[in-house]
Amino acid sequence: QPSLRFEEHKRLWTPEFGFSFATLTDRGTMSMCTPLQPLSAAEVFQSRDAILATAAKQGLSQHVFGYISLLEPSGDELRAFEKSGTPPARKAEAVVHLSDGAGVRKPFKAYATLKGSSAEVSLSPVDTEKGWPLFSLHECDLAEKLVMDSPEVHKLLKETYKMDESAIKRLKVDPWGIHGCHWSPVSAEAEKSRVMMCLMYLSKREDCKDNFYAHPLDFLCYVDLYEKKLLHIQKCEKGGKVPREASEYHRALVDHSKFDRSLKPLEIVQPEGPSFEVEGNGIKWNRWSLNISFNYREGLVLHNLKFDGRPVLRRACLSEMAVPYADPFPPHIHKCAFDVGDYGLGYFATSLNLGCDCLGRIHYFDALLTDHNGDPYVIPKAVCMHEEDAGLLWKHVESRTGHNESRRNRKLVISFIATVVNYEYAIYWNLYLDGTIDLEIKLTGILSTNALSDCEKDSGVPQHGTLVTEEVNAQIHQHIFCARLDTCVDGDGNYVCETELVPVEDKRDPYRNCLEVKKRVLDTEKDGRGWSNQSQATSRYWTVCNGEKKNRYGNPTAYKLMPMGAPTVISKPDNFLFERGPFTKHAVWVTPQTAEERYAAGDFTTHAKGEQGGIEQYQRQGRDLVNKPLVLWHTFNAVHVVRPEDFPVMPAEMAGFKLRAFGFFDENPTCLLPPQSCGSKSLSVQTQSALTNLEGASVPTTEASSNSPVSAHSGGECH
């Protein structure tokens, strides 16, 4: 779905659509809410024009922008703003590809400090020995076009696959970055240009509505984006056959007579409206307050999370993701996407739909991004915010008297969904009434399939994947995520403690039940003391503690990080993944908050021969990690051994973690939630049946549900 261009989407705030990140007017102005407000359209134009003027003075031309985005103020600048109220200077950062007078093309990094109607610009070439900037949507489209228009590809399809021109028009191309580019057939070209590999599929229908991932072709194409040409075709020796079996999910192609219509309607109703308030990019809900922003790379970012005015996190986002595929056979050995650093999750965000993507009373936020010309455009409804019932919060029945007390939980859900070619990543940040925060990632969409390799075709069985249709393999793969959490638990003076349970030998314990808590402070980056691994055997977790503030029991106020339990990564120790993305080595890394250290795998991951400026390099500085603003980097994994049930479209797999208060409060902070009788809001099936028999008519129950947020309170006797 193409994003709406800037010129086509100049609407102001309305109750129906909610607040746009930037209220768009032609080169107009926008009132500032916080220093973290994303760039307005006017600021984008101002930055772009100043960057191009600077480039022209240096004899550079033929611009193609990778991005223009807000350069967020540093932590020190934000703390100064909180004290003085004076906002820091507005700054933009950009990547732009330019040609010099000799026609040599290079990527450049630009910074623009906005001053009134002008801007002060610095422009310098990217050191491509350390990696290249991400691939833009424009470049992905270009890669597809280069393959589609290639005479060599047309010749191969006609001679080997016996396709005519009408079939060739139905060719589908998925562009990928090349993992281990320096070992690929185009390693020489990758030293001086931007190259991509393209996975090939065939649609079997003229309208192209069918699931073409059921029809992979057994060759790859490599293209040069600077030179705009096909570089190489990598084929299987036994190639030439297109898998024929269809596997459909599109509503127009499935048999409607077989639809499962057994489910009755379930309505989500909030008769008094939602409990959240929105002003600009600021949000208040229950006892929580926060700001949000959206950028081309990380997508949704949460800022300044506070509970009852007490700070918990200064910033939270998904920083990186590596997706290594486990098939060693050519031509697929270079499949390992860094979906954040290689492409940008924000660029792949999709507009959300009421009723399917989001239920209930929804507040939408639009996202303002930039295209290859440096023009701003809007993704409408890029971010969804709503409330959900979250089940039972707490309950107790006094066994002697039968007295019952129970309360229901509720969560505020702030989410966006990125469609990265075949996969959907639905990313949900959830805030709860008891101060809990969790990140929930749902992986869905369509599997990246491939035809069987030469050595598998005789047996018809893949060695490193699962057959999802005849002759179609879905490879084993892992989704290794890294979240960046800038901590400020009860203030900036934080430290991180590794905590686990260990059995204790005690003569007074004949039943051997005795356990004690063992703690290790991650006190420095030196000697491997700034990282930690998971240990399910000891129920290991990590606490972010305030070194200056204590609760009534004399313990540090703290939050604990609770992993989901999957292994951080499954791999041999000499895997190239550990060179390009060392963040995958450990479950937890801790670094001081530093403005320049922003991304888990470094600024530029494309064509990278090894890590350039990521977490492992950050930690080589050997800095102290006690009682200061910290960044907690958490790496977690979703291992995917594919099931036949995952095709043609995949039921969501889950990954994520929780942050829970651990001594941050002196007691359960939800004890003062008021009780509420749900008798008038919910109806048992037995009661409905009895009433139906008495009155001879069905009693409607969609006005409320015990599984829906039915009022402004979350209490009650229903559970």
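Q: Can you help me understand the overall build of the chain in this one?
A: Tallying secondary structure elements over the chain gives eleven helices and 32 strands in all. Burial analysis of the chain (719 residues in total) assigns 55% to the buried set. Pairs at least 24 apart in sequence give 68% of the contacts found in the chain among residues at least 6 apart. Surface summary for the chain: the accessible area is close to 31,500 Å², and the carbon and sulfur share equals 51%.

Q: So what exactly am I meant to see when it comes to the state of the cysteines here?
A: A covalent bond between the sulfur atoms of two cysteines is what we call a disulfide. Inspection of every chain in the model, using the stated rule, returns one disulfide. Cysteine Cys-140 remains unbridged, with the sulfur of Cys-198 as its closest cysteine sulfur at 8.9 Å.

Q: Looking at this structure, I do not really get the sheet that holds strand β9 (residues 229-235). What am I missing?
A: Read from one edge to the other, the open sheet built from four strands follows the order β6-β7-β8-β9, with strand pairing classed as antiparallel. Looking at the sheet topology across the chains shown, the edges are occupied by β6 (171-176) and β9. In this sheet, neighbouring strand axes are inclined to one another by 30° on average, regardless of whether the strands run parallel or antiparallel. Sheet topology note: the strand β8 (residues 216-224)/β9 ladder contains six bridges and is antiparallel. Its bridge partner lying in β9, Cys-221 is registered against Ile-233. Against the sheet, helix α3 (residues 137-148) contacts β6, β7 (195-202), β8 and β9, and its axis sits at roughly 135° relative to β6.

Q: I keep staring at the environment of Glu-93 and nothing clicks. Help me out?
A: Within the element layout of this structure, Glu-93 appears in strand β3 (residues 91-99). A residue is classified by how much of its surface remains accessible, and Glu-93, at 2% relative accessible area, is buried. Along the chain, Glu-93 and Tyr-67 lie 26 residues apart, while their C-alpha atoms are 8.1 Å from each other. Within the structure, the side chain of Glu-93 is placed 3.3 Å from the side chain of Lys-109, a separation counted as a polar contact.

Q: Looking at this model, I keep getting lost on the packing of aromatic side chains. Mind explaining?
A: Aromatic ring pairs are reported here in terms of the distance separating the ring centres and the angle at which the planes meet. Throughout the structure, instances matching the rule amount to 24 aromatic pairs. Residues Tyr-201 and Phe-212 carry aromatic rings whose centres are separated by 6.1 Å and whose planes lie at 50° to one another, so their mutual orientation is tilted. Taken as a pair, Tyr-201 in strand β7 and Phe-212 in the loop between β7 and β8 lie far apart in primary sequence, eleven residues in all. Judged on exposure class, the residue Tyr-201 and its partner Phe-212 are both buried. Relative to Tyr-213, the ring of Phe-212 has its centre 4.6 Å away and its plane inclined at 35°; by these criteria the two rings are tilted. Taken as a pair, Phe-212 and Tyr-213 share a single burial class, namely buried.

Q: Looking at this structure, I do not really get the sheet that holds strand β21 (residues 449-451). What am I missing?
A: Two orientations exist for strands paired in a sheet by backbone hydrogen bonds: parallel and antiparallel. The strand order across the open sheet formed by three strands is β21-β23-β22, and the pairing between neighbours is antiparallel. Both outer strands of the open sheet, β21 and β22 (465-469), are each paired with one neighbouring strand and no more. Strand-to-strand twist of the sheet, defined as the mean angle between neighbouring strand axes without regard to direction, takes the value 45°. Note: β21 against strand β23 (residues 472-475), three bridges, orientation antiparallel. Opposite Ala-451, over in β23, you have Val-472 as the bridge partner.

Q: Can you walk me through the pattern of salt bridges in this structure?
A: Charged atoms that come close allow side chains of opposite charge to pair. In the structure shown here, the tally under the stated rule is 45 salt bridges. As a salt-bridge pair, Arg-314 and Glu-82 come within 3.1 Å of each other at their nearest N and O atoms. Of this pair, Arg-314 sits in strand β14 (residues 310-324) while Glu-82 is found in helix α2 (residues 75-84), placing the two residues 232 residues apart along the sequence. Since its relative accessible area comes to 46%, Glu-82 is described here as partly exposed. Of the charged contacts in the structure, one is a salt bridge between Glu-120 and Lys-115, with a shortest N-O distance of 3.0 Å. You can call Lys-115 partly exposed: its relative accessible area is 45%. Salt bridges sharing common partners tie together Asp-76, Arg-79, Glu-82, Arg-314 and Asp-492.

Q: Got a minute to help me understand the nonpolar core in this structure?
A: For soluble globular proteins, the rule of thumb is that nonpolar side chains tend to be buried together. Residues Leu-217, Ile-414 and Trp-429 are the most contacted members of the largest nonpolar core, which totals 129 residues. Those residues in contact with Leu-217 that sit more than four places away from it in its chain are Leu-157, Tyr-161, Met-163, Leu-171, Met-200, Tyr-201, Leu-202, Val-242 and Ala-451. Core analysis: the next-biggest nonpolar cluster, separate from the first, contains 21 residues, Ala-50, Leu-60, Ala-110 and Val-121 among them.

Q: Please explain the pairing of strand β20 (residues 437-445) as it appears in this structure.
A: Sheet topology places strand β19 (residues 423-432) next to β20; nine bridges connect them, and they run antiparallel. Across the sheet, the residue bridging to Ile-427 is Ile-441, located in β20. Counted between consecutive antiparallel strands, the loop separating β19 from β20 contains four residues, among which Gly-435 sits at a positive phi close to 95°. With eight bridges joining them, β20 and strand β32 (residues 650-661) adopt antiparallel strand pairing. In the strand pairing of β32, Leu-439 is matched with Phe-657.

How each quantity is defined
Residues numbered from 1 in each chain as written. Predicted model: local features only at pLDDT ≥ 70, side-chain atom pairs only at ≥ 80, totals over all residues. Heavy atoms only, no water. Helix = DSSP H or I, 4+ residues; strand = E, 2+ residues; numbered from the N terminus. Buried < 20%, exposed > 50% of the residue type's maximum accessible area, 1.4 Å probe, protein only. Contact = heavy atoms within 4.5 Å. Areas by Shrake-Rupley, 256 points an atom, 1.4 Å probe, with all protein chains shown as cover. Disulfide = S-S within 2.5 Å. Pairing = 2+ DSSP bridges. Axes fitted to C-alpha atoms, helices over the stretch in contact; angles between N-to-C directions. Polar contact = N/O pair within 3.5 Å; in protein donor to acceptor, adjacent residues only side chain to side chain. Phe/Tyr/Trp six-rings, centres within 6.5 Å; stacked < 30°, edge-to-face > 60°. Salt bridge = Lys/Arg side-chain N within 4 Å of Asp/Glu carboxyl O. Core = buried A, V, L, I, M, F, W, Y, C linked by side-chain atoms within 4.5 Å.

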